[in-house]
Amino acid sequence: MSTAVIGLQQLTKKKAAIILAGIAVVLFGLGSLGHAGIVFALLAGLMLTGMPISISLGLTVLVFLFFFSNVPTEAVALKLFTGIEKFEIMAIPFFILAGNFLTHGGVAKRMINFATALVGHFRGGLALGGVVACALFAAVSGSSPATVVAIGSILLPAMVKQGYPMKFGVGVIGTAGGLGILIPPSIVMVIYAVSVNESIGKLFIAGIIPGLLLAATLMGVTWVVAKKRNYPCQPRASVGEVIRSFRESFWGLFLIVVVIGGIYSGLFTPTEAAAMSAVYAFFVSVFVYRDLGLKDIPKVLLSSASMSAMLLYIITNAVLFSFLLTSEQVPQNLTAWMVGLGLSSVTFLIFVNILLLAAGNFMEPSSILLITAPLLFPVAMELGIDPIHLGVLMTVNMEIGMITPPVGLNLYVASGISRLGLTETTKACLPWILVMLVYLTIITYIPAISLWLPNLLYK
């Protein structure tokens, strides 16, 4: 890793720590919140040393319990096991494994062919096809960076070859890749559901309409820009070509039916659906499409295990941190304080968006959710905000965080594929980021977009 990258990581950790330190200062000023300020000050101080967030969370708990609390430290060991003793958590490594099989298994290429056959004849057709392909791949991968890698590595060179500016392509694919954590299955939604003990299946269903609406919005903006700049379009595909491209991509697309259909029909729990998706993705990649050989399987398994271990380690330490906050009555006192201020749900949601957008600039989504969800959830419940709506809202904020500097993962992935600098990549994504902020406002204050479908199906 280069010195520049290490320096950037240290810089972003310091900025994230400054945000947490600001929270600590606010909490110190509120006597009713007890030791909350000390907790966040400890966390900020440890992060300022350059320590990973996951380790900072765990050490914060140990230091606080040892010096400022009467809770026995033996409770930490017990909580380490009981805190992650949830069947739902197993969905995370299975969805990661399924996404890796599909990313390496040629599914993306077939989805791109099908998407461009559908919309390629419109102005900017290849870019529109990229948005559709991102939406389709998001529905089988559950990961935003994986979506950008799978679609961008194939489509960006093709767009440049046809005369599109690289910056335009990067803006489209880098932003549309965010659909990977909104359209189900979504690893981020699983983490939120585990954090607040909500239904994963209901969250998945709730993400369908917001995900499709965002895809349509991004397509609309892409078409307007392409038409204004007179970007090329593809010849109109015949009905036969559309059918042929659909048949070629069918086995990959059918995974959507396996996951969502299995959960809604009651055939699978979300965790069982994740396991089935991993088995199905393995079968399709190795035996149907045959783009992945048996000799490649160990590499995919190792990559998936590494990513799963990282996420599970963060979750474990975040569970300890949540246990500490609860034992010190921080969420309860924060709820009482905010309700005492007479905050309305409208004002509270503005606060939530500002907090999450600020944190999204300096921290990755799983850490943000695991730290903030246990704090915000009780306040939202007291103010009558639906927990499913809150989950979709937080997920959209995480999407925007994936494409905002300095630590937006999608920016780094898109920059690596396109070989543009981080600043140029950010500028390329800026018009779509502004559109997503408008979209966030709509999702925030029209909860029916998130709640209509789950309320219809889960009566």
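Conventions we followed
Residues numbered from 1 in each chain as written. Predicted model: local features only at pLDDT ≥ 70, side-chain atom pairs only at ≥ 80, totals over all residues. Heavy atoms only, no water. 1 Å grid on protein atoms, 1.4 Å probe; cavity = no way out; pocket = protein on both sides within 12 Å on 5 of 7 lines; lining within 4 Å. Points joined across faces, edges and corners; volume = space filled by probe spheres on them. Helix = DSSP H or I, 4+ residues; strand = E, 2+ residues; numbered from the N terminus. Nonpolar A, V, L, I, M, F, W, Y, C, P; charged D, E, K, R; others polar. Core = buried A, V, L, I, M, F, W, Y, C linked by side-chain atoms within 4.5 Å. Buried < 20%, exposed > 50% of the residue type's maximum accessible area, 1.4 Å probe, protein only. Contact = heavy atoms within 4.5 Å. Axes fitted to C-alpha atoms, helices over the stretch in contact; angles between N-to-C directions. Parallel < 35°, antiparallel > 145°, perpendicular 65-115°, else oblique. Left-handed = near helix turned anticlockwise from the far one by under 90°.

- Naming follows an unreviewed UniProt entry, where the protein chain appears as C4-dicarboxylate TRAP transporter large permease protein DctM of Trichlorobacter ammonificans.

1. Examining empty space enclosed by the protein
Next up, step 1: Following the criterion strictly, the structure yields one cavity of 30 Å³ or more and no others.
Next up, step 2: Each pocket or cavity is described by its volume, and for the largest cavity that value is around 50 Å³.
Next up, step 3: In this structure, the largest cavity is lined by 11 residues; those nearest its centre are Gly-360, Met-363, Pro-365, Gly-401 and Met-402.
Next up, step 4: Broken down by secondary-structure element, the contributors of at least two residues to the lining of the largest cavity are helix H18 (365–382) and helix H19 (387–401).
Next up, step 5: Here the residues of the lining of the largest cavity sort into seven nonpolar, three polar and one charged.

2. A word on the environment of Ala-158
Next up, step 1: Tracing the chain through its elements places Ala-158 in helix H8 (residues 144–161).
Next up, step 2: Sequence separation between Ala-158 and Leu-126 is 32 residues, and the spatial gap between their C-alpha atoms is 8.4 Å.

3. Topic: unusual backbone geometry
Next up, step 1: Following Pro-184, the chain continues into Pro-185 via a peptide bond in cis, with omega recorded as 0°.
Next up, step 2: Among the structural elements, Pro-185 can be located in the loop between helix H9 (166–176) and helix H10 (187–196).
Next up, step 3: In this model, Asn-197 sits at a positive phi of 60°, which is unusual for a non-glycine residue.
Next up, step 4: Relative to the helices and strands, Asn-197 is located in the loop between H10 and helix H11 (200–206).
Next up, step 5: Positive phi, normally seen in glycine, also occurs at Arg-419, with a value near 65°.

4. Quick notes on the nonpolar core
Next up, step 1: Ranked by size, the top nonpolar core spans 149 residues in total, and within it Ile-151, Phe-168, Tyr-192, Phe-321 and Phe-348 carry the most contacts.
Next up, step 2: At 13 residues, helix H7 (residues 125–141) tops the list of elements feeding residues into this core.
Next up, step 3: Contact partners of Phe-321, with chain neighbours within four places excluded, come to Val-39, Phe-40, Leu-43, Leu-57, Thr-60, Val-61 and Ile-371.

5. A short note on the packing of H8 against H9
Two quantities define a packed helix pair, namely the angle between the axes and the distance from one axis to the other.
Next up, step 1: The contact between H8 and H9 brings their axes to 10 Å, and the two run at 155°. One finds that H8 runs roughly antiparallel with respect to H9. As for how H8 packs across H9, the hand of that crossing is right-handed. Seen from H8, the contacting residues are Val-148, Ile-151, Gly-152, Leu-155, Leu-156, Met-159 and Val-160; seen from H9, they are Met-166, Phe-168, Gly-169, Val-170, Ile-173 and Gly-174.

6. Regarding the environment of Phe-137
Next up, step 1: By the secondary structure assignment, Phe-137 is in helix H7.
Next up, step 2: Discounting residues that sit within four places of it in the chain, Phe-137 has contacts with Leu-102, Thr-103, Ala-108, Met-111, Ala-146, Thr-147, Ala-150 and Ile-151.

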